[in-house]
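Descriptive structure summary
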Amino acid sequence: MTTDIAARTAVVFVHGLLERRPMDTFDDFAGTVLGAQKRYAEPLEITDSYEARRYVAPSVAADLFEYDWSFLMTSGRYAGFWPAFTRMFLRRPANVPDQMFGIWRLAWLVLLVPLALFVGLLVVGGHFLQTGVAGWIVGLVTSVVVLSIGLAVLRAAPTALARTFLTTGFVNVARYFDTRPESYAARRAIRGGLVDLLHTLHQGRYARVVVVGHGIGGYIAYDALTALWAETHQLHAVGACLDVPPGGGPVEDFQAAQFAGWQHLRSIGNPWRVTDFVTVGTPMALAELFVARPPIAAGLARTDRRHALFASLISRGVVVSCPPRHDESADPANLGGLSLFAVTRWTNLSFPVSRGSVRGDWFGGALAAIYGPGVRDVAVSGNRPQRLHPGVPQTKYFRYPDRAAEGDIAHHLRAVLALGDRDGLEVSVGAPEPDPATVDRVVYRSWQRSM
């Protein structure tokens, strides 16, 4: 039996910005979550990254960990960018996701207006070519200049577009979901490293684990949680029935039922300790495009196939929904490999974007309509200076940690994480430790997974 009466909480932060230094975003996240609470840094000895640290917050009995995956992203910088970009922008207006509609419309205007001007100048130049000698010279010069500028713009536009900070989130997601073998190896290494970290935390002194994914970190955390659940859901729980909480009511009632299910799971000795999964500004709101990957030209059809394709992934168990899919053919006396969200609450925070607007987080958004009504969506109404700038809110969620008024991102995060709140954790403190004979496995370091 475990004797750690402190019932400590481990918070694992998965960053969403690729081109950054370790601890950059993590520092801001720690300040946003802890506020004025004292914290101190320690080396993170349970991973193979010599750059990573953890923050210890004694007053709330919590440790904050960062999972740094940047060095594992070894695929090409623009891997998968053009198929994803074409799939997103080659669409009928009615088939464009709400949060992307404003930038979709702006992008087409930026493309079509110069193109119309270019064609107009060519027509003028052609007209002069049919006039006198002076007109012929003017027409030739005009045509050469216009063609030169047009070719230069077409050559430079793709690189400039892909490198701008406004599209960084899009580039990162396209790169993560690229289907080429080198991207598969990088994706496997990234997921595997987080699975290793979470597995280690499940063997330690923590009564509760919370996983927070920012940006593409939400995808990474989701993949790792579903993989780890598949490994641990039946340990010390064979023959136990875990009822999936009914849907249809308020999401708060559903989350209360999930927490009760987690308490029951721990009471019978199962090692699962993740009570909450929190996504912040995650492009999982575009999962029907990135994960379902409809045909590139499918967005031009009257019927948008992305919804049906994603629903089929859920029905086949490829994607785990919240609430989990109920399989009537499954044995009700055993926990299900797809029942992760029967015991783990999912809260999603984002800066909202009105359809047609370019203000807010283009890549974040609500998830309940995609992953299921058990996801608690919170549209952050505070943080006006951060959320109303076009494009940049994706990088601004933790930029001002001292702003914690009601409705701000700090206010919502602190409420969800509930650090220092011991209510309901006593049962996990008294639960048996995992059996090394059934749980322990060879842990390959994350860098080895990419070889």
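For clarity, every value in this text was computed on a predicted model and none was experimentally measured.

**Topic: the overall build of the chain**
When its secondary structure is counted, the chain shows 16 helices and 8 strands. For the chain, the residues scored as buried account for 51% of the 451 residues in total. Contacts in the chain between residues far apart in sequence, at least 24 positions, make up 79% of those at least 6 positions apart. Summed over its atoms, the accessible surface of the chain is roughly 20100 Å², and 61% of this surface lies on carbon and sulfur atoms.

**A few points about the packing of helix α6 (residues 181-202) against helix α7 (residues 217-232)**
The interhelical angle for the contact between α6 and α7, taken along N-to-C directions, is 55 degrees, at an axis separation of 9 Å. Between α6 and α7, the crossing angle belongs to the class labelled oblique. Where α6 crosses over α7, the handedness of that crossing is right-handed. Of α7, the residues touching α6 (which contributes Ile 190, Arg 191, Leu 194, Val 195, Leu 198, His 199 and His 202) are Ile 220, Ala 221, Asp 223, Ala 224, Leu 225, Ala 227, Leu 228 and Glu 231. For the contact of α6 with α7, the per-class residue count stands at 10 nonpolar, 2 polar and 3 charged.

**Structural notes on the nonpolar core**
Judged by nonpolar contacts, the single largest core of 75 residues is most densely connected at Val 12, Tyr 67, Leu 194, Tyr 219, Trp 272, Trp 346 and Tyr 371. The contact partners of Val 12, leaving out residues within four places of it in the chain, are Phe 65, Tyr 67, Leu 194, Leu 197, Leu 198, Leu 201, Val 209, Val 210, Val 211 and Val 212. If you look at the next biggest cluster of nonpolar residues, it comprises 28 residues, including Val 11, Ala 30, Leu 64 and Tyr 397.

**Details of the packing of aromatic side chains**
A full pass over the atoms with the stated rule returns 21 aromatic pairs. The interplanar angle of 85 degrees and the centroid separation of 5.1 Å between the aromatic rings of Trp 229 and Trp 272 together place this pair among those described as edge-to-face. Taken together, the positions of Trp 229 in helix α7 and Trp 272 in the loop between α8 (251-267) and β6 (274-280) put the pair 43 residues apart, joining distant regions of the chain. Across the pair, exposure class does not vary: Trp 229 and Trp 272 are buried alike. One aromatic cluster is present, formed by Phe 13, Phe 26, Phe 29, Tyr 55, Phe 351, Tyr 397 and Phe 398 through successive ring pairs. The lysine or arginine in question, Arg 39, covers the ring of Tyr 55, its NZ or CZ lying 5.3 Å from the ring centre.

**Quick look at the pairing of β6**
Counting buried positions along β6 yields 7 of 7 residues, so the element is predominantly enclosed. When strand β5 (residues 206-214) meets β6, the two strands line up parallel, connected through 6 bridges. Within the sheet, the bridge partner assigned to Val 210 lies in β6 and is Asp 276. In this sheet, strand β7 (residues 345-350) lies alongside β6 in parallel orientation, the contact comprising 5 bridges. Following the sheet pairing, Phe 277 is matched in β7 by Trp 346.

**Thoughts on helix α1 (residues 24-34)**
Think of an α-helix as turning once every 3.6 residues; residues three or four places apart then point the same way. In terms of residue burial, α1 counts as a mostly covered element, since 8 of its 11 residues are buried. Taken residue by residue, α1 has Thr 25, Phe 26, Phe 29, Ala 30, Gly 31, Thr 32, Val 33 and Leu 34 as its buried positions. Positive phi appears at Gly 35, one or two residues downstream of α1, with a value of about 60 degrees.

**Some details on the environment of Asn 348**
With respect to the helices and strands, Asn 348 occurs in strand β7. For Asn 348, a relative accessible area of 1% translates into the label buried. Remark: the alpha-carbon pair of Asn 348 and Val 278, spanning 70 residues in sequence, is separated by 5.8 Å. Ignoring any residue separated from it by four or fewer positions in sequence, one finds Asn 348 in contact with Thr 279, Thr 282, Gly 365, Ala 366, Leu 367, Val 375, Arg 376, Asp 377 and Val 378.

**Overview of the confidence of the model for the chain**
The predicted model of the chain has a mean per-residue pLDDT of 76, with 69% of residues at 70 or higher. Looking across the chain, the model is least confident in helix α16 (residues 446-449), with a mean pLDDT of 43, and most confident in β6, with 95. Residue range residues 1-5 is modelled with pLDDT below 50. Its contacts to residues more than four positions away, or to other chains, number 9 contacts.

**Section: the pattern of salt bridges**
Considering all chains together, one arrives at 8 salt bridges under this definition. Asp 63 is paired through a salt bridge with Arg 8; the nearest N and O atoms lie 2.6 Å apart. Residue Asp 63 is found in strand β4 (residues 62-67), and its partner Arg 8 is found in strand β1 (residues 8-14); the two are separated by 55 residues along the sequence. Three or more residues are tied together by salt bridges with common partners; here these are Arg 91, Glu 288, Asp 304 and Arg 306.

**Points about unusual backbone geometry**
The residue after Cys 322, namely Pro 323, is reached through a cis peptide bond having omega 5 degrees. Residue position: Pro 323 is located in the loop between α10 (306-315) and β7. Of note in the backbone geometry, Ala 61 takes a positive phi value of approximately 50 degrees without being a glycine. Within the element layout of this structure, Ala 61 appears in the loop between β3 (53-57) and β4.

**Comments concerning the packing of α1 against helix α13 (residues 409-417)**
Working note: a packed helix pair is described by the angle between its axes plus the distance between those axes. The contact between α1 and α13 brings their axes to 8 Å, and the two run at 75 degrees. What the angle tells us is that α1 and α13 run roughly perpendicular. Along its contact with α1, which presents Phe 29, Gly 31, Thr 32, Val 33 and Leu 34, the element α13 presents Ala 410, Leu 413, Arg 414 and Leu 417. Taken together, the residues of the contact of α1 with α13 sort by class into 6 nonpolar, 2 polar and 1 charged.

**Some remarks on the side chain of Glu 288**
Looking at the element boundaries, Glu 288 is found in helix α9 (residues 287-290). Look at Glu 288 and you get buried, because its relative accessible area is 9%. Polar contacts involving the side chain of Glu 288 include one to the side chain of His 307, which spans 3.0 Å. Ignoring any residue separated from it by four or fewer positions in sequence, one finds Glu 288 in contact with Arg 293, Pro 294, Arg 306, His 307, Phe 310 and Ile 370.

Rules used in this analysis
- Residues numbered from 1 in each chain as written.
- Predicted model: local features only at pLDDT ≥ 70, side-chain atom pairs only at ≥ 80, totals over all residues.
- Heavy atoms only, no water.
- Helix = DSSP H or I, 4+ residues; strand = E, 2+ residues; numbered from the N terminus.
- Buried < 20%, exposed > 50% of the residue type's maximum accessible area, 1.4 Å probe, protein only.
- Contact = heavy atoms within 4.5 Å.
- Areas by Shrake-Rupley, 256 points an atom, 1.4 Å probe, with all protein chains shown as cover.
- Axes fitted to C-alpha atoms, helices over the stretch in contact; angles between N-to-C directions.
- Parallel < 35°, antiparallel > 145°, perpendicular 65-115°, else oblique.
- Left-handed = near helix turned anticlockwise from the far one by under 90°.
- Nonpolar A, V, L, I, M, F, W, Y, C, P; charged D, E, K, R; others polar.
- Core = buried A, V, L, I, M, F, W, Y, C linked by side-chain atoms within 4.5 Å.
- Phe/Tyr/Trp six-rings, centres within 6.5 Å; stacked < 30°, edge-to-face > 60°.
- Lys NZ or Arg CZ within 6 Å of the ring centre and 35° of its normal.
- Pairing = 2+ DSSP bridges.
- pLDDT = per-residue confidence, 0-100.
- Salt bridge = Lys/Arg side-chain N within 4 Å of Asp/Glu carboxyl O.
- Polar contact = N/O pair within 3.5 Å; in protein donor to acceptor, adjacent residues only side chain to side chain.

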